Amino acid sequence: MSPAIDGPRLLQRLAALADIGRQPSGACCRLALTDADREGRDQVVAWMRELGLAVSVDPIGNIFGLRAGRNPALAPVMTGSHIDTVRTGGAYDGNLGVLAGLEVVAALNDAGVETERGLVVGVFTDEEGARFAPDMLGSLVFVGGLALDDALAIRAIDGAILGEELQRIGYAGTAPLGLPRPHAYVELHIEQGPVLDAEGIRIGAVEDLQGISWQALHIRGQSNHAGTTPMRLRHDAGYAAARVACFVRELAIEMGGSQVATVGKVDLVPNLVNVIAAQATLTVDLRNTDEVLLRSAESRLADFLLQLADTEGVSIERRPLARFEPVSFDPGIAARIEAVADRLGLSRRRMTSGAGHDAQMLARICPTAMIFVPSVGGISHNPAEHTEPDDLLAGAQVLLGTLLALCNEGD
Ligand code: HGY
Ligand code: MN
Ligand code: MN
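Residues numbered from 1 in each chain as written. Chains lettered and ligands numbered in written order. Predicted model: local features only at pLDDT ≥ 70, side-chain atom pairs only at ≥ 80, totals over all residues. Heavy atoms only, no water.

Chemist: Explanation requested: the coordination of the manganese ion (ligand 3) in the structure shown.
Modeler: For a metal bound by four donors in tetrahedral geometry, the ideal donor-metal-donor angle is 109.5 degrees, whereas six donors in octahedral geometry ideally sit at 90 or 180 degrees. With distances of 2.1 to 2.6 Å, the protein atoms coordinating the manganese ion (ligand 3) are Asp 93 (OD), Glu 128 (OE), Glu 128 (OE) and His 381 (NE2). Binding-site remark: the manganese ion (ligand 3) is held by donors from one chain whose sequence spacing is D-x34-E-x252-H. A separation of 3.6 Å is found between the manganese ion (ligand 3) and the manganese ion (ligand 2), which share Asp 93 as a coordinating residue. You can see Asp 93 sitting in the loop between strand 3 (77-81) and helix 3 (95-111) and its partner Glu 128 sitting in the loop between strand 4 (119-123) and helix 4 (137-142), a full 35 residues away along the chain. Classification of Asp 93 by relative accessible area gives buried; the value is 6%. Of the residues examined, Glu 128 reaches a relative accessible area of 8% and is grouped as buried. (Donors = N, O, S within 2.8 Å, 3.2 Å for Na, K, Ca; no water. Helix = DSSP H or I, 4+ residues; strand = E, 2+ residues; numbered from the N terminus. Buried < 20%, exposed > 50% of the residue type's maximum accessible area, 1.4 Å probe, protein only.)

So this is what it looks like as structure tokens:
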């Protein structure tokens, strides 16, 4: 009997997980290592156990569910993603990759299919990086890109310490870090961009992922009376922050191509209607598929900040939050994804990921690629995030076919 994705079962799990951390706005909010994240983790671990998976948790809180293969001497194939969200999260970002991985396990179990290699479903800690920067933190530690002790010491935007939060929610695991080392990694994810939806294409075979540069800026000016201070005497941190946001937007438009720039977080002190802001803390997110262009954007911003500090009489401190170069995925696995999509009669295209994903870290240690399914209107990081059920199921079917082929290949 050949394994088949059970659509209603996958959709039911997606809906159940999306309800954990639900906000009045309809958003799903499970910021990394919060109580809502713990609740989501507990639910996924319960599903893993129901499926008979051997569950392990490593010291950075990554969760792995292993379905044993016939030959334990062969490295397992890994799939998965993340279940932490941004504050305005949707139902599918990350969740789809984890739950479709569990659905593949369930389909194999139902069909009584044994594979040569084991299959691991991974849930990586703090992929979003929204509470604890950088993003893809758990998978970065897993592949050895960030020392565990450095990661555990990271302070959140709300002041919490990562290692303490991990202990508090009960996910400071003891499994050996970096294991199981995968034979290959395939991640299913919603596109979170407009391409597949606009082109009416069902499946994306993701062959590369753009570079990411995050930094926090701390601008110090001088608080003063909003009514009595002449404009020429002001050292207005709020105005300086606004100038940065305008500069990076204009820079991205001028550079064109894949350059994007975002000021997503701005905090003013004292943040009052009649006080010129003494301080501004803001974040800048720059991305480009081309490393040389990304570096050029970074250095143009640095030059602008020097000039701004001088003209406005403010000080500007920069703190890097994340910096990852563009990543190429494994063309062989991307080709397999296309072949499975063809066999299923699904339209498909090669594409680049604009978003960061755990796959970009796994690509450092094993052949890796991603499967995208369309995001309606390209919306994500927003409760309106939506992917049609048929597309969710199509993605899971392509994942099943791709993983099955990889699980039965030799070394
Ligand atoms: O920022 C990103 O691209 C991802 O959502 N962490
Ligand atoms: Mn994601
Ligand atoms: Mn995300």
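Chemist: Would you mind going over the domain arrangement of the chain with me for this structure?
Modeler: By convention, interface size is frequently given as the accessible area that disappears when the constituent parts associate. As assigned here, the chain comprises domain 1 (7-210 + 326-407) and domain 2 (211-324). Taken together, the 18 residues of domain 1 in the interface contact 14 residues of domain 2. Between domain 1 and domain 2, the buried area comes to about 1,100 Å², and carbon and sulfur atoms account for 65% of it. The largest per-residue losses of area from domain 1 upon contact with domain 2 belong to Asp 135, Gln 210 and Pro 326, which jointly make up 52% of the total buried on that side. Summed over the shared surface of domain 1 and domain 2, the result is 0 salt bridges. Counting every contact that joins domain 1 to domain 2 gives 1 residue pair in polar contact (both at pLDDT 80 or more). In terms of residue class, the side of domain 1 that touches domain 2 is made up of 9 nonpolar, 6 polar and 3 charged. (Domains from an automatic or database assignment. Contact = heavy atoms within 4.5 Å. Buried area = accessible area lost by both parts, 1.4 Å probe. Salt bridge = Lys/Arg side-chain N within 4 Å of Asp/Glu carboxyl O. Polar contact = N/O pair within 3.5 Å; in protein donor to acceptor, adjacent residues only side chain to side chain. Nonpolar A, V, L, I, M, F, W, Y, C, P; charged D, E, K, R; others polar.)

Chemist: Is there a simple way to think about the side chain of Asp 84 in this case?
Modeler: Within the secondary structure layout, Asp 84 lies in the loop between strand 3 and helix 3. Buried within the structure, Asp 84 lacks any salt-bridge partner; its nearest side chain of opposite charge belongs to Arg 41, at an N-O separation of 6.9 Å. Within the structure, the side chain of Asp 84 is placed 3.0 Å from the backbone nitrogen of Glu 127, a separation counted as a polar contact. Setting aside anything within four residues of it in sequence, one finds Asp 84 in contact with Arg 30, Ala 32, Asp 37, Phe 124, Asp 126, Glu 127, Glu 128 and Gly 129. (Lys, Arg positive; Asp, Glu negative; His and termini not counted.)

Chemist: I'm lost on the pairing of strand 4 in this one. Help?
Modeler: Consecutive side chains of a regular strand alternate in pointing toward one face of the sheet and then the other. For strand 4, the tally of buried residues reaches 5 of 5 residues, placing the bulk of the element in the interior. With burial as the criterion, each face of strand 4 is covered, one bearing Leu 119, Val 121 and Val 123 and the other bearing Val 120 and Gly 122. Where strand 2 (residues 63-67) meets strand 4, 5 bridges bridge the pair, whose relative direction is antiparallel. Note on strand 4: the bridge partner recorded for Phe 64 is Gly 122. Note that the unit made of strand 3, helix 3 and strand 4 has a crossover that is right-handed. (Pairing = 2+ DSSP bridges. Right-handed = clockwise from strand over helix to strand, strands pointing away.)

Chemist: Looking at this model, I keep getting lost on the packing of aromatic side chains. Mind explaining?
Modeler: Any pair of aromatic rings gets described here by the distance separating the centres and the angle formed by the planes. Across all of its chains, the model carries 5 aromatic pairs by this definition. Pairing Phe 124 with Phe 142 gives two aromatic rings, centres 5.8 Å apart and planes at 65°, and the pair type is edge-to-face. With Phe 124 in the loop between strand 4 and helix 4 and Phe 142 in helix 4, this pair connects stretches of sequence that are 18 residues apart. A single burial state applies to Phe 124 and to Phe 142, both of which are buried. Chaining the aromatic ring pairs together yields one cluster made of Phe 64, Phe 124, Phe 142 and Tyr 185. (Phe/Tyr/Trp six-rings, centres within 6.5 Å; stacked < 30°, edge-to-face > 60°.)

Chemist: Quick question: what am I supposed to make of the pattern of salt bridges here?
Modeler: Tallied over the entire structure, the rule returns 28 salt bridges. The partner of Arg 131 in a salt bridge is Asp 158, and the shortest N-O contact between them spans 2.7 Å. Of this pair, Arg 131 sits in the loop between strand 4 and helix 4 while Asp 158 sits in the loop between helix 5 (148-152) and helix 6 (162-168), and the two are 27 residues apart along the sequence. Accessibility expressed as a relative area gives 49% for Asp 158, which makes it partly exposed. Measuring nitrogen to oxygen at the nearest pair gives 2.9 Å for the salt bridge that ties Arg 295 to Glu 291. In this pair, Arg 295 and Glu 291 both sit in helix 9 (residues 291-312), 4 residues apart, roughly one turn of the helix. On the basis of relative accessible area, Arg 295 is assigned to the partly exposed category, the value being 47%. Taken together, the shared-partner salt bridges connect Asp 35, Arg 38, Arg 131, Asp 158, Glu 165 and Arg 168 into one network.

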